[in-house]
Amino acid sequence: MSTYARQAARNVALPTSLDEAVAALAATPTAVPVAGGTDLMAAVNSGLLRPAGLVGLGRISEIRGWQYADGAALLGAGLTHARMGRPDFAALIPALAAAARAAGPPQIRNAGTLGGNIAGAAPTGDSLPVLAALEASVVVAGPDGNRELPVSHLLTGMDPLRPGEILAYVRVPLLHAPQTFLKATGRTGPGRAIASVAVVLDPARRGVRCAVGAVAPVPLRPLEAERWVAGLIDWDGERTLAPEALTAFGEYVAAACIPDPLPGPDGAPAPELPPAAVQLRRTVAALARRALGRALA
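Residues numbered from 1 in each chain as written. Predicted model: local features only at pLDDT ≥ 70, side-chain atom pairs only at ≥ 80, totals over all residues. Heavy atoms only, no water.

Our focus in this paragraph is the overall build of the protein. When helices and strands are counted, the protein shows 13 helices and eleven strands. On C-alpha atoms alone, the protein measures out to a radius of gyration of 20 Å, which is about the 19 Å that the 2.2 N^0.38 rule sets for 297 residues. Considered along the principal axes of its C-alpha atoms, the protein spans approximately 60 × 50 × 35 Å. In the protein, buried positions account for 47% of the 297 residues. The contacts in the protein between residues at least 6 apart in sequence include a share of 59% that link residues at least 24 apart. Accessible surface for the protein amounts to roughly 14,400 Å². Of this, 54% is attributable to carbon and sulfur atoms. Of the charged side chains in the protein, 26 are positive and 23 negative; the average position of the first set lies 9 Å away from that of the second. (Helix = DSSP H or I, 4+ residues; strand = E, 2+ residues; numbered from the N terminus. Rg over C-alpha atoms; globule rule 2.2 N^0.38 Å. Buried < 20%, exposed > 50% of the residue type's maximum accessible area, 1.4 Å probe, protein only. Contact = heavy atoms within 4.5 Å. Areas by Shrake-Rupley, 256 points an atom, 1.4 Å probe, with all protein chains shown as cover. Lys, Arg positive; Asp, Glu negative; His and termini not counted. Charge placed at Lys NZ, Arg CZ, Asp CG, Glu CD.)

Pasting the structure below:
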């Protein structure tokens, strides 16, 4: 923690359990929970945020692992990207492990956490499209007990965290089916995503789930494209698609997430899509095509 951070937040609590953390937030409602602090401390050090207090979550061991419950994995919000990127976790939720490995350089992966990625809700958060495609939910601990809500409700602000609440766990259904995550960055090596795509196959429901990240404030689900391509897959056979169908799926996803401009008022023709948006659409189309192809392979 930097000198500036110590001056900005003189009230620092270091609880060792979720109950203690909730009590610390209740005692100082304006305090900010912090785990890895990869985004929070950058905001503090740049002067964009001056919290009245900090509640450190790093000593709460119960949110740093995972367990199994009713066909799902209950992931602690304190899981780091580095931990999720290991082979044992990759065997459990491959797409989330791939997103964790792509989250940034080692110092970011070692400190950044799953809960911080969700609570920060940055459009470029690598885990967010994966969680959207998996239709995950979050378990929130607060003064009135625990409650569970879809992760999409939290990200879109439909049901935000209430005063005194802490994101404790993430519940991810275990599909035991192929899933992929791909992202494009503006430079070689780890970096913030220009666009990212998660594709998850759901053989039990004969469905395809796709989520696109970084192109909008929240991950986007191209539901019509999902239904269309699911109808082309031979779920009882080899589950392969012709290259033309994969290309069409990519273009369908990209057009749904980056639509053409609407016509102007009084029947004026629609303006052309800006060159940057055209390039972004091509990037999303390529990622979606490759992600589905890899999942089916």
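So, about the packing of aromatic side chains. Per the stated rule, a full pass over the model turns up two aromatic pairs. Between W66 and F89 the ring centres are 5.1 Å apart and the planes differ by 80°, which places this aromatic pair in the edge-to-face class. Taken as a pair, W66 in strand β4 (residues 66-69) and F89 in helix α5 (residues 87-92) lie far apart in primary sequence, 23 residues in all. Among the residues examined, F89 registers a relative accessible area of 0% and is labelled buried. (Phe/Tyr/Trp six-rings, centres within 6.5 Å; stacked < 30°, edge-to-face > 60°.)

Here three strands make up an open sheet; going across it, the order is β1-β3-β2 and the pairing parallel. For this open sheet the edge positions go to β1 (11-13) and β2 (32-34), each flanked by a neighbour on one side alone. Pairwise comparison of adjacent strand axes, ignoring direction, gives a mean angle of 25° for this sheet. Here β2 runs beside strand β3 (residues 53-56); their pairing, made up of three bridges, is parallel. Residue V32 lies in a different strand from β3, and its bridge partner there is L54. (Pairing = 2+ DSSP bridges. Axes fitted to C-alpha atoms, helices over the stretch in contact; angles between N-to-C directions.)

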